[in-house]
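Single-letter residue listing:
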Amino acid sequence: MTVLVVGSGGREHALVVALSRSPRRPTLLCAPGNPGTAEAAENVAVAADDLDGLVALATDRGVGLVIVGPEVPLVAGLADRLTEAGIPVVGPSKAAARLEGSKAFAKDAMARFGVPTASSRTFGLGELDEARAYVDGHPLPVVLKADGLAAGKGVVVAETHEVARDALADMLDGGAFGVAGSTVVVEAFLSGEEASVFVLTDGEGYVLLPAAQDHKRIGDGDTGPNTGGMGAYAPAPVVTPAVLARVEAEVVRPMLDGMRREGQPYRGILYVGLMIDAQGTPSVIEFNCRFGDPEAQVLLPLLTSDPLELFEAIAHGRVGQTTVEVADGAAACVVLASEGYPGPSTPGRLISGLNRAAAHATVYHAGTARSPEGNVVTSGGRVLGITGLGDTLEQALAAAYAGADEVQFAGKTLRRDIGQKGLRRLDS
Ligand code: AMP
Ligand code: GLY
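No experiment lies behind these values; they were computed from the predicted model shown.

Describing the sheet that holds strand β17 (residues 282-288)
Ordered by their spatial adjacency, four strands build an open sheet running β11-β10-β16-β17, and the pairing between neighbours is antiparallel. Because the sheet does not close on itself, it has two edges, and the strands there are β11 (206-208) and β17. Each adjacent strand pair in this sheet contributes to an overall mean axis angle of 30 degrees, direction not counted. Where strand β16 (residues 268-276) meets β17, six bridges bridge the pair, whose relative direction is antiparallel. Looking at the pairing, Met275 lines up with Ser283 of β17.

Structure follows, in structure tokens:
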């Protein structure tokens with residue numbers, strides 16, 4: 001069977017590597033892919049947001065399953081287009097992908113289905129005065145979220161009313177977030193520890209993967225600006241079996257049941273971003289309609305069941321008859337980014353040490369490219385994700401950092417504290 005993975009980041013490289021281990025030996029295509037995916041798949045130069053091009057590629061090449069990595073094509077309706085063309089797909093319909101594509105839709109859905117989340121109000125264009133009055137009377141910090149996709153940059157956690165008012169004006173008035181910001185969700189600040197739970201579902205049956213923890217800020221100790229994610233590990237001990245049981249009962253089941261009841265069943269991978277307070281009470285911060293990046297780079301290597309069987313079960317409505325098997329140990333991923341990330345960075349820096357790193361850990365490519373001479377060079381903000389495995393989180397982290405330290409490129413930027421929160425919980 002031929003399987004097409006859509007995307008070009010570390011998440012998609014991890015999908016390609018996982019699928020390449022399937023005993024069924026699928027033929028793998030990746031669009032557009034990166035130098036890492038090229039090692040196990042055929043890269044095809046179709047952009048991840050080129051819906052027509054992707055449907056044509058899948059049709060022409062007789063693709064039997066499409067796995068969509070990023071959110072943009074899903075929110076634009078790629079899964080619907082593939083379904084119309086009779087091609088099985090892992091990824092939600094445009095209607096269901098609104099759980100990520102519109103924060104206002106997600107908040108409304110959670111309210112209808114009784115799912116725990118921060119209290120909030122939504123304001124549209126022309127409601128700047130009402131929004132201002134609401135924000136002025138809101139306890140601090142207050143959180144403002146641009147409604148649409150904003151590549152992780154649509155959230156402002158305001159510590160003062162002045163900052164909140166300015167952010168609101170930018171979002172509702174100034175066009176700082178483009179169309180994404182013409183509606184704003186104002187919500188209460190949640191404190192606790194963040195973690196994410198991934199649900200693989202055909203809309204009815206579902207399985208849960210071990211909880212993961214991302215590191216969103218650029219700097220050690222969770223300082224500096226938000227990024228796409230600087231590292232992750234799984235399982236995340238903050239999500240105890242009791243917390244996971246609550247997430248399943250209070251979030252996963254009501255969401256899947258509610259979406260199905262309303263005629264927009266959620267099929268694909270549901271990313272549940274959570275805040276877990278000191279009492280172990282989970283609240284939803286956000287939903288994403290896809291795997292996390294870099295969370296996929298720790299979850300997929302822990303799978304011991306055939307990932308192809310699992311993805312086919314999602315696409316063909318067989319998840320209820322499927323179980324997922326996961327290794328007992330831990331996985332940790334350290335992201336190597338370019339200097340300047342999450343701001344702009346200079347591409348074209350020569351990368352060395354990839355083979356030495358591979359002796360310790362799995363090297364997932366993200367923002368890399370081949371130079372005309374055939375060398376691997378940097379080409380983006382997040383360059384590589386180095387995933388270590390071990391019997392314990394400590395061993396997984398040691399392997400990931402041993403690999404990360406072998407890789408060199410000018411301006412290499414990484415966090416040194418990936419997994420520390422998990423280690424502290426395991427120690428106490
Ligand atoms: P999002 O784009 O919704 O993932 O938000 C980005 C980040 O902002 C989250 O990962 C959290 O760290 C933070 N955040 C979002 N909403 C809240 C909230 N209600 N309370 C505290 N932190 C939040
Ligand atoms: N790592 C966060 C995300 O994929 O959205």
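Further notes follow.
What about the nonpolar core?
Counting 78 residues, the largest nonpolar core has Val66, Leu99 and Phe287 as the members making the most contacts within it. Among the elements that take part in this core, helix α9 (residues 241-261) stands out by supplying seven residues, more than any other. Setting aside residues up to four positions removed in sequence, Phe287 forms contacts with Leu99, Glu100, Ala106, Met110, Val251, Met255, Leu270, Tyr271 and Val272. The next biggest cluster of nonpolar side chains, apart from the first, holds 39 residues, and it includes Val5, Ala232, Val298 and Leu302.

Observations regarding unusual backbone geometry
Here the residue pair Ala234 and Pro235 is connected by a cis peptide bond, since its omega of -10 degrees sits within 30 degrees of zero. Mapping Pro235 onto the fold places it in the loop between β15 (231-234) and α9. Between Asp293 and Pro294 the backbone carries a cis peptide bond, its omega angle lying at 25 degrees. Tracing the backbone through its elements, the reader meets Pro294 in the loop between β17 and α10 (296-299). Non-glycine residue Arg25 carries a positive phi angle of around 50 degrees. Mapped onto the secondary structure, Arg25 falls in the loop between α1 (10-20) and β2 (27-32). Unlike most non-glycine residues, Asp222 shows phi in positive territory, near 55 degrees. The residue Asp222 is located in the loop between β13 (217-219) and β14 (223-226) in this model.

Some points on a nonpolar patch on the surface
Nonpolar side chains collect at one region of the surface, where Val155, Val157 and Phe189 lie side by side and expose about 230 Å² of accessible area between them. Relative to the helices and strands, Val157 resides in strand β8 (residues 155-158).

Here's the deal with the sheet that holds strand β5 (residues 89-90)
In a beta sheet, neighbouring strands pair by backbone hydrogen bonds and run either parallel or antiparallel. As summarised here, the arrangement of the five strands in space is β3-β2-β1-β4-β5, forming an open sheet in which the pairing is parallel. Taken across any chain shown, the strands that pair with only one partner, and hence form the sheet edges, are β3 (42-43) and β5. Where strand β1 (residues 2-7) meets strand β4 (residues 65-68), four bridges bridge the pair, whose relative direction is parallel. Looking at the pairing, Val3 lines up with Leu65 of β4. Along the sheet face, helix α2 (residues 51-60) touches β1, β2 and β4 and points at about 165 degrees away from the line of β1. Of the strands in this sheet, β1, β4 and β5 touch helix α11 (residues 307-316), which is tilted by about 95 degrees from β4.

So, the site of ligand 1
With respect to spatial proximity, 14 residues lie near ligand 1, and among them Glu187, Ala188, Leu190, Glu194 and Glu286 are the closest. Interatomic distance of 3.3 Å between a side-chain N/O atom of Lys103 and an oxygen atom of ligand 1. The contact in question runs from a nitrogen atom of ligand 1 to an N or O atom on the side chain of Lys145, over 3.0 Å. Protein chains shield 91% of the accessible area of ligand 1, which is 470 Å² for the free molecule. Of all the secondary-structure elements, those providing two or more residues to the shell around ligand 1 are β7 (142-146), β9 (183-188) and β17. A class-by-class count of the residues in the shell around ligand 1 yields seven nonpolar, one polar and six charged.

Thoughts on the site of ligand 2
Taken together, Asp214, Gly228, Tyr271, Asn288, Arg290, Gly292, Asp293, Pro294 and Glu295 make up the full set of residues near ligand 2. Within the backbone of Gly228, an N or O atom sits 3.1 Å from a nitrogen atom of ligand 2. Taking Glu295, its side chain carries an N or O atom lying 2.9 Å from a nitrogen atom of ligand 2. Burial of ligand 2 by the protein amounts to 88% of the accessible area it has alone, namely 200 Å². Among the residues making up the shell around ligand 2, the classes are represented as two nonpolar, three polar and four charged.

Concerning the packing of helix α13 (residues 393-406) against helix α14 (residues 420-427)
Two packed helices can be described by the angle between their axes and the distance between those axes. For the pair α13 and α14, interaxial distance at closest approach is 10 Å and the crossing angle is 155 degrees. As the angle between them shows, α13 and α14 are arranged roughly antiparallel. Judged by the sense of rotation from one axis to the other, the crossing of α13 with α14 is left-handed. Counting all contacts with α13, which are made through Leu393, Glu394 and Leu397, the residues of α14 involved are Gly422, Leu423 and Leu426. The residue inventory of the contact of α13 with α14, partitioned by class, reads four nonpolar, one polar and one charged.

A short note on the pattern of salt bridges
On inspection of all chains with the given rule, the structure shows 24 salt bridges. Each member of the salt-bridge network shares a partner with another, and the members are Asp222, Arg415, Asp417 and Lys421.

Examining the packing of aromatic side chains
Here the structure, examined in full by the defined rule, presents three aromatic pairs. Arranged with centres 5.5 Å apart and planes meeting at 50 degrees, the rings of Phe123 and Tyr134 form a pair that is tilted. Of the two residues, Phe123 sits in strand β6 (residues 120-124) while Tyr134 sits in helix α7 (residues 128-136), which places them eleven residues apart along the sequence. Judged by its relative accessible area of 1%, Phe123 falls in the buried class. Measuring from centroid to centroid gives 5.7 Å for Phe198 and Phe291, while their planes differ by 40 degrees, and the two rings are tilted. In this pair, Phe198 sits in strand β10 (residues 193-201) while Phe291 sits in the loop between β17 and α10, placing the two residues 93 residues apart along the sequence. Residue Phe198 is classed as buried on the basis of its relative accessible area, which comes to 0%. Every member of this aromatic cluster is reached through a ring pair, and the members are Phe198, Tyr271 and Phe291. Over the ring of Tyr134 we find Arg121, and its NZ or CZ is 5.0 Å from the ring centre.

What counts as what
- Residues numbered from 1 in each chain as written.
- Chains lettered and ligands numbered in written order.
- Predicted model: local features only at pLDDT ≥ 70, side-chain atom pairs only at ≥ 80, totals over all residues.
- Heavy atoms only, no water.
- Pairing = 2+ DSSP bridges.
- Helix = DSSP H or I, 4+ residues; strand = E, 2+ residues; numbered from the N terminus.
- Axes fitted to C-alpha atoms, helices over the stretch in contact; angles between N-to-C directions.
- Core = buried A, V, L, I, M, F, W, Y, C linked by side-chain atoms within 4.5 Å.
- Buried < 20%, exposed > 50% of the residue type's maximum accessible area, 1.4 Å probe, protein only.
- Contact = heavy atoms within 4.5 Å.
- Patch = residues over 30% accessible without salt bridge, like charges linked within 9 Å, V, L, I, M, F, W, Y side chains within 5 Å.
- Areas by Shrake-Rupley, 256 points an atom, 1.4 Å probe, with all protein chains shown as cover.
- Salt bridge = Lys/Arg side-chain N within 4 Å of Asp/Glu carboxyl O.
- Near = heavy atom within 4 Å.
- Polar contact = N/O pair within 3.5 Å; in protein donor to acceptor, adjacent residues only side chain to side chain.
- Nonpolar A, V, L, I, M, F, W, Y, C, P; charged D, E, K, R; others polar.
- Parallel < 35°, antiparallel > 145°, perpendicular 65-115°, else oblique.
- Left-handed = near helix turned anticlockwise from the far one by under 90°.
- Phe/Tyr/Trp six-rings, centres within 6.5 Å; stacked < 30°, edge-to-face > 60°.
- Lys NZ or Arg CZ within 6 Å of the ring centre and 35° of its normal.

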